[in-house]
Amino acid sequence: MHHDLKLDTAGGETPAFNMPHDDPDHPHSLLPSEPALRVKALETILTRKGLIDPAALDAIIDTYENKIGPQNGARVVARAWHDPAFRAALLQDADAILDEMGLNGRQGEHVVVVENTPERHNMVVCTLCSCYPWPLLGIPPGWYKSDAYRARAVREPRKVLAEFGVTLPDETAVRVWDSTAEVRYLVLPMRPEGTEGWSEDALVALVGRDSMIGTALATPASEAPA
Amino acid sequence: MSRIHDMGGRYGDGVIHPEPQDAPIFAQDWHARALALTLACGALGQWNIDMSRHARECLSPSDYMNFGYYEKWLAALADLLVAQGVLSRADLSAVSDTPDTIHPLAARHLPAARVAAVLAAGGPADRDSTVAARYQPGDIVRTRLSGNRSVDGGHTRLPTYASHAEGRILRLHGSHVFPDSNAHDQGEAPEPLYAVVFQAQALWPQAEHPGDEVVLDLWQSYLEPVST
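Scoring rules and cut-offs
- Residues numbered from 1 in each chain as written.
- Chains lettered and ligands numbered in written order.
- Predicted model: local features only at pLDDT ≥ 70, side-chain atom pairs only at ≥ 80, totals over all residues.
- Heavy atoms only, no water.
- Core = buried A, V, L, I, M, F, W, Y, C linked by side-chain atoms within 4.5 Å.
- Buried < 20%, exposed > 50% of the residue type's maximum accessible area, 1.4 Å probe, protein only.
- Helix = DSSP H or I, 4+ residues; strand = E, 2+ residues; numbered from the N terminus.
- Contact = heavy atoms within 4.5 Å.
- Pairing = 2+ DSSP bridges.
- Domains from an automatic or database assignment.
- Buried area = accessible area lost by both parts, 1.4 Å probe.
- Salt bridge = Lys/Arg side-chain N within 4 Å of Asp/Glu carboxyl O.
- Polar contact = N/O pair within 3.5 Å; in protein donor to acceptor, adjacent residues only side chain to side chain.

1. Digging into the nonpolar core
One finds Leu42 and Tyr149 of chain A together with Leu35 of chain B to be the most contacted residues of the largest nonpolar core, which totals 125 residues. Per-element tally for this core: the top contributor is helix α4 (residues 69–83) of chain B, with 10 residues. Those residues within four positions of Leu35 of chain B in sequence are excluded, and the remaining contacts are Ile60, Tyr64, Trp134 and Ile139 of chain A together with Phe26, Tyr70 and Trp73 of chain B.

2. Some remarks on the pairing of strand β1 (residues 110–115) of chain A
Residues and elements named next belong to chain A. Where burial is concerned, most of β1 is hidden: five out of the six residues are buried. Where β1 lies against strand β4 (residues 183–188), six bridges are found, and the strand directions are parallel. Its bridge partner lying in β4, Val114 is registered against Val187.

3. Details of the domain arrangement of chain A
One can read the domain layout of chain A as domain 1 (34–66) and domain 2 (70–223). Centre-to-centre, using C-alpha coordinates, domain 1 of chain A lies 31 Å away from domain 2 of chain A.

4. A closer look at the interface of chain B and chain A
With 131 residues of chain B at the interface, the matching set in chain A holds 105 residues. Buried surface at the junction of chain B and chain A, both sides included, amounts to about 10,400 Å², of which 60% is carbon and sulfur. Scanning the region where chain B abuts chain A turns up 10 salt bridges. A salt bridge links Glu43 of chain A to Arg33 of chain B; the nearest nitrogen and oxygen atoms lie 2.9 Å apart. For the interface between chain B and chain A, the tally reads 45 residue pairs in polar contact (both at pLDDT 80 or more).

Quick look at the structure:
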């Protein structure tokens, strides 16, 4: 029988969903409550039944610890700063560009890039869970998944930005993107002043992760890492 | 009528404490293990992403608030494995000392050699649809009351804070799988998905700044036309 291996895909054939909505006696309570023991117990149970391969878990962790992270998004941003035609194409149809660069994949199947300008600052949140462009930024940081960020980013983005050390001028409007579907948003920060003539590689160093979420600006040229 | 995860706009959570940008990706080893375990179990094909989101949303409010992020993942994973009949409650209760029998779904397990390909492939949510797009960019729309219309307490992606609000269609993303249906084994039911922009003042009694906006991705079923 042919079957495509996929993770929890957006759709496809699955058995009937029997999730008891509000069962006060959730099955998870049968596992040890201490989380490190809980994950160990579940991994052991599943491994013994042949349902998971612990080496696959190692490979997944290695992918997100060492291979996929904000360095991917930073390359895209630096290239957009450096190459106006690339920038225009990226803003028009990011998926086509990211496919070519091999930067699509899980949690980045549909990507829209939004550009910061003096008139508009973009900022991304997922109020309902933790949606985030994994192939471009990796696994989201703890603060992005925190209740405080999820609750407040949509209502008081300027107070939130201030907690990240960012103060915007009054004439800059804030547009907050709440990632409620399978579209993932990447912010294209404004290119720092004084970087005319810089190479793409030099520009990459100015693109921090948070600037691509919209809770930071790009690093000023004067603070470029040596 | 909302669930605990639907927290956009809520008061009382306090300040945000951003970790340094170079903080470890996983603060604890078990965080990494919980994430990888969840992804690997997804490969068994017994649920889709909307079901797994709904499983996290169905944690009791006290568990949801007391659990850390990956504790929610782990708890929802255990609940899903039982709900979908992959494991029994007895399986979770004790790790047996005797060798286990191989599970009927073992042939579907994710081998290490396939991890890179599976992560690279992802699971696109765009689909062909017979539902015609009713709106175009620039159209004014109003959101309906948030909540699943076929399953009481079911999954939905229209946050409560954006219920009954007037906004403007910014872009059409094409047709995507409808989570309200897909989370409950009622089919993918793809329909047009839009980015809809709302003035902050349309959502909050005391918006921070007059020009500020919030954009949400909303399915056509969540929207009603506003005659202008």
